[in-house]
Amino acid sequence: MTDPALVLVGTPIGNLDDASPRMRAEIEAADVIAAEDTRRFMGLATRLGITYSGTLISLFDHNERSKASEIAQQIENGARVVLLTDAGMPAVSDPGYHVVKEVVSRDLPVTAVPGPSAVFTAIALSGLPSDRFTFEGFVPRKAGERGRLLTDLASERRTMVFFESPHRIHTTLADFVTRFGADRPMTLSRELTKTYEETLRGTTQSIHEQVVARDGLKGELTLVVAGAPEVSDTSAAELTEDVAQLVESGMRAKDAAAHIAKIHGLKSRDVYEEYIHTK
């Protein structure tokens, strides 16, 4: 007999070979299996050859709050409940948080079977700073909410990770250009671990142009955006003086401005315009 607990189980985000032995064992031993989509879970179990005998229940965004108490009660009564979503780790932009909160509030055991994560996979592939980052989930659908969020994040120094759907990617990337600037480094990963996995690399502007040129993208999309550069505390006068010294040494004004801007984490256009204005 298995010990009663809530078990958060990570499932493959694409490649079925990423299914772990512990994932299989927990599903087979579970008394109750709470799945985001029961039909997709049954398909996954069939493809992986997993035999389960636990009671299968549906747990998705719109019923999670009402199901949380019921699941906690089942654990209190001695059941081992496996909670899993369609792909990746539960509770990360997927159902799971409210159930964990309820179970923890009753001082009942919660454990996890770690699995694939689009967030960690995309940021590892990005080549952008990964020592500190923030996960923002799906970008808001409504223009006003999206604009406010991205404006707030424009000065965020940590690398940022977002999820987005293919049919909204054009609008979101256009807003990235507007709110973060055209030169902010970023990557766009799709179909992670699947046959047609792809990561586009560039800036907010160049990625937007690539997506427009390709008339959209298919598959699950994970966006990784570099944090805001350090804001220089050097005065405008000092910056223009530095540019002027390079120009006097024979460097073109635009090249000199770009060089100084890079040193201070500023936009080359702003430094160049300030230099021209003070001439």
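Cut-offs and rules
Residues numbered from 1 in each chain as written. Predicted model: local features only at pLDDT ≥ 70, side-chain atom pairs only at ≥ 80, totals over all residues. Heavy atoms only, no water. UniProt positions renumbered as here; feature names shortened; annotations may be inferred. Helix = DSSP H or I, 4+ residues; strand = E, 2+ residues; numbered from the N terminus. Pairing = 2+ DSSP bridges. Axes fitted to C-alpha atoms, helices over the stretch in contact; angles between N-to-C directions. Salt bridge = Lys/Arg side-chain N within 4 Å of Asp/Glu carboxyl O. Buried < 20%, exposed > 50% of the residue type's maximum accessible area, 1.4 Å probe, protein only. Phe/Tyr/Trp six-rings, centres within 6.5 Å; stacked < 30°, edge-to-face > 60°. Core = buried A, V, L, I, M, F, W, Y, C linked by side-chain atoms within 4.5 Å. Contact = heavy atoms within 4.5 Å. Expected span 1.5 Å × (residues − 1).

### Observations regarding the UniProt feature "domain: RsmI HTH" (unreviewed entry) in the protein chain
Listed under "domain: RsmI HTH" (unreviewed entry) in the UniProt record, and renumbered for this structure, are residues 235-273. Taken end to end, residues 235-273 comprises 79% helix and 0% strand; its first and last C-alpha atoms sit 14 Å apart.

### Here's the deal with the sheet that holds strand E2 (residues 32-35)
The five strands are arranged E3-E2-E4-E1-E5 in an open sheet whose pairing can be described as parallel. Only two strands of the sheet have a single neighbouring strand rather than two, namely strand E3 (55-58) and strand E5 (110-113). Within the sheet, the average angular offset between the axes of one strand and its neighbour, ignoring direction, is 25 degrees. Pairing analysis gives four bridges linking E2 to E3, with the strands arranged parallel. Within E3, the position partnered with Ala35 by the bridge is Ser58.

### Section: the pattern of salt bridges
A side chain with one charge may pair with a side chain of the opposite charge, provided their charged atoms come close. Enumeration according to the criterion identifies 12 salt bridges in this entry. Its salt-bridge partner being Arg106, residue Glu102 comes within 2.9 Å of it at the nearest N-O pair. A relative accessible area of 24% places Glu102 in the partly exposed class. The exposure class of Arg106 is partly exposed, given its relative accessible area of 24%. Across the salt bridge formed by Arg214 and Glu198, the nearest N and O atoms sit 2.9 Å from each other. In this pair, Arg214 sits in the loop between helix H8 (204-213) and strand E10 (221-225) while Glu198 sits in strand E9 (residues 198-203), placing the two residues 16 residues apart along the sequence. Residue classification places Arg214 among the partly exposed positions, given a relative accessible area of 37%. According to the relative accessible area criterion, Glu198 is partly exposed, its value standing at 23%. Within this structure, Glu76, Glu102 and Arg106 form a network of salt bridges that share partners.

### A closer look at the sheet that holds E10
Note: strands within a sheet are paired through backbone hydrogen bonds, in either parallel or antiparallel orientation. One open sheet holds the five strands; their spatial order is E6-E7-E10-E8-E9, and the pairing between them is mixed. The open sheet has two free edges, formed respectively by strand E6 (133-138) and E9, since each of these has just one partner strand. Taken pair by pair, the neighbouring strands of this sheet meet at an average axis angle of 15 degrees, ignoring direction. In this sheet, E10 lies alongside strand E8 (residues 185-190) in antiparallel orientation, the contact comprising five bridges. Paired with Ser189 across the bridge in E10 is Thr222.

### Notes on unusual backbone geometry
With glycine set apart, most residues show a phi of negative sign, and most peptide bonds adopt trans. Of note in the backbone geometry, Ser93 takes a positive phi value of approximately 55 degrees without being a glycine. Within the element layout of this structure, Ser93 appears in the loop between strand E4 (80-84) and helix H4 (97-105). One non-glycine residue, Thr193, lies in the positive phi region at around 70 degrees. Along the polypeptide, Thr193 turns up in the loop between E8 and E9.

### Here's the deal with the packing of aromatic side chains
Using the criterion set out here, one finds six aromatic pairs in the structure. Taking the centre distance of 5.2 Å and the plane angle of 35 degrees together, the rings of Phe176 and Phe180 count as tilted. With Phe176 and Phe180 both in helix H7 (residues 169-180) and four residues apart, the pair spans about one turn of that helix. Take Phe176 and Phe180: they sit in the same class, and that class is buried.

### Some remarks on the UniProt feature "domain: Tetrapyrrole methylase" (unreviewed entry) in the protein chain
Within the UniProt annotation, "domain: Tetrapyrrole methylase" (unreviewed entry) is assigned to residues 6-206. Between the C-alpha atoms that bound residues 6-206 the distance is 44 Å, and the span itself is 38% helix and 22% strand.

### Digging into the nonpolar core
In this structure, Phe162, Leu173, Phe176, Phe180, Leu188 and Val211 are the most contacted members of the largest nonpolar core, which totals 18 residues. Breaking this core down by element, the ones donating at least two residues are helix H6 (143-153), strand E7 (159-164), H7, E8, H8 and E10. Element by element, the count of residues in this core is highest for H7, at four residues. Setting aside chain neighbours within four positions, we find Leu173 in contact with Met186, Leu188, Ile207, His208 and Val211.

### What to know about H7
Taking 1.5 Å per residue, 12 residues should reach 16 Å; H7 reaches 16 Å between its end C-alpha atoms and fits that length. Looking at H7, one finds that the buried residues are Ile169, Thr172, Leu173, Asp175, Phe176, Val177 and Phe180. Those residues of H7 hidden inside the fold are in contact with H6, E7, E8, H8 and E10. Directly after H7, the chain includes Gly181, whose backbone phi takes a positive value near 95 degrees.

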